[in-house]
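# Analysis of the macromolecular model
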Amino acid sequence: MLNVAVLVSGGGTNLQAIIDANIPNVDIKLVISNNKKAYALERAKNAGIKALCLSPKDYEDRELFHEDLIKTLQEHEIQLVVLAGFLVNISPKMVQAFPRKIINIHPSLIPSFCGKGYYGLHVHEAALERGVKVTGATVHYVDEGTDTGPIILQKPVMVEKGDTPEILQKRVMEQAEWVILPKAIEMIANGGLE
Ligand code: GRF
């Protein structure tokens, strides 16, 4: 059984996709959000999953937040940390504490439209600005960089005429994010990753 924690900041649609996938040999033990208003916390509670809010704002020093986050994950014997729309940077200490055990979903085909400042709608605004015909989503391991770790899965999504950032984001979530994130977790839990 793989003990999984999902870290969230917003609506939690990726979390919901993981919950609904009922992945064999996976136990979603914990959901943590930095945002106490995140609807993702409601989704966790509705699914009977322990939901915590840990916010850097509640700590004098961001280092103490990171240490508490690591301690909380270790206390729950977490074996895989899933960043699902988590908007707080992961500290080098956390990457070292969970080597090859943190994955992230990014709403573009890395290495396009990723790195500092590319999150949420900004990613889709940049893709439309550039005029790409194909975009998509990527699941990758988290290393000490931003969106730079080894790629696990990617899924392409066509850009369509008249797309706005919001329409494109929704299509990328529905057609790519909600498919490859549960799939990546299933591969990790069931030995499908070389
Ligand atoms: C979305 O912008 C999604 O593309 C990205 O994280 C954001 C929040 O998604 N992965 P969610 O609904 O909170 O999972």
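Located above this text is the structure these notes cover.
Residues numbered from 1 in each chain as written. Predicted model: local features only at pLDDT ≥ 70, side-chain atom pairs only at ≥ 80, totals over all residues. Heavy atoms only, no water.

## Some details on the site of the ligand
Applied cut-off: Being near a molecule or strand, for a residue, comes down to having at least one heavy atom within 4 Å of it. We call two N or O atoms a polar contact when they sit within 3.5 Å, provided that within protein one can donate a hydrogen and the other can accept it, with sequence-adjacent residues counted only if both atoms are side-chain atoms. Accessible areas in this description were obtained via Shrake-Rupley with a 1.4 Å probe; residue shielding takes into account the shown protein chains only. Buried and open spaces are told apart on a 1 Å grid over the protein atoms alone, a cavity being a set of points where a 1.4 Å probe fits but cannot get out and a pocket being an open set with protein on both sides within 12 Å along at least five of seven lines. Residues with an atom within 4 Å of a point are the lining residues. Throughout, a molecule is located in a cavity or pocket provided that more than half of its atoms lie within 2 Å of its grid points. Each helix corresponds to a stretch of at least 4 residues labelled H or I by DSSP, and each strand to a stretch of at least 2 residues labelled E; elements are numbered beginning at the N terminus. Here the nonpolar group is Ala, Val, Leu, Ile, Met, Phe, Trp, Tyr, Cys and Pro; Asp, Glu, Lys and Arg are the charged ones; every other residue, Gly included, is treated as polar.
Taken together, the neighbourhood of the ligand is formed by Gly10, Gly11, Gly12, Thr13, Asn14, Gly85, Ile105, Pro107, Gly120, Gln169, Met173 and Glu177. Take Gly12: an N or O atom from its main chain is 2.8 Å from an oxygen atom of the ligand. Interatomic distance of 2.8 Å between a side-chain N/O atom of Gln169 and an oxygen atom of the ligand. The protein chains hide 89% of the 370 Å² of surface that the ligand would expose on its own. Placement of the ligand is best described as lying within the largest pocket. Contributions of two or more residues to the shell around the ligand are made by helix H1 (13-21) and helix H6 (165-189). If one sorts the elements of the shell around the ligand by residue count, H6 sits on top with three residues. Across the shell around the ligand, the residue classes break down as three nonpolar, eight polar and one charged.

## Describing the sheet that holds strand S4 (residues 80-83)
This is how the line gets drawn: Paired strands, in this sense, are two strands between which DSSP finds at least two bridges. Interaxial angle, 0 to 180 degrees, is taken between N-to-C directions of lines fitted to C-alpha atoms, where a helix line uses only the stretch in contact. Any pair of residues with heavy atoms lying within 4.5 Å of one another is described as a contacting pair.
Strands sit in the order S3-S2-S1-S4-S5-S6-S7 across an open sheet of seven strands; the sheet is mixed. Since the sheet does not close on itself, it has two edges, and those belong to strand S3 (50-53) and strand S7 (151-158), each with one partner. Pairwise comparison of adjacent strand axes, ignoring direction, gives a mean angle of 20° for this sheet. Together, strand S1 (2-8), strand S2 (26-33), S3 and S4 form the strand contacts of helix H3 (residues 62-75), whose direction differs from that of S2 by roughly 160°.

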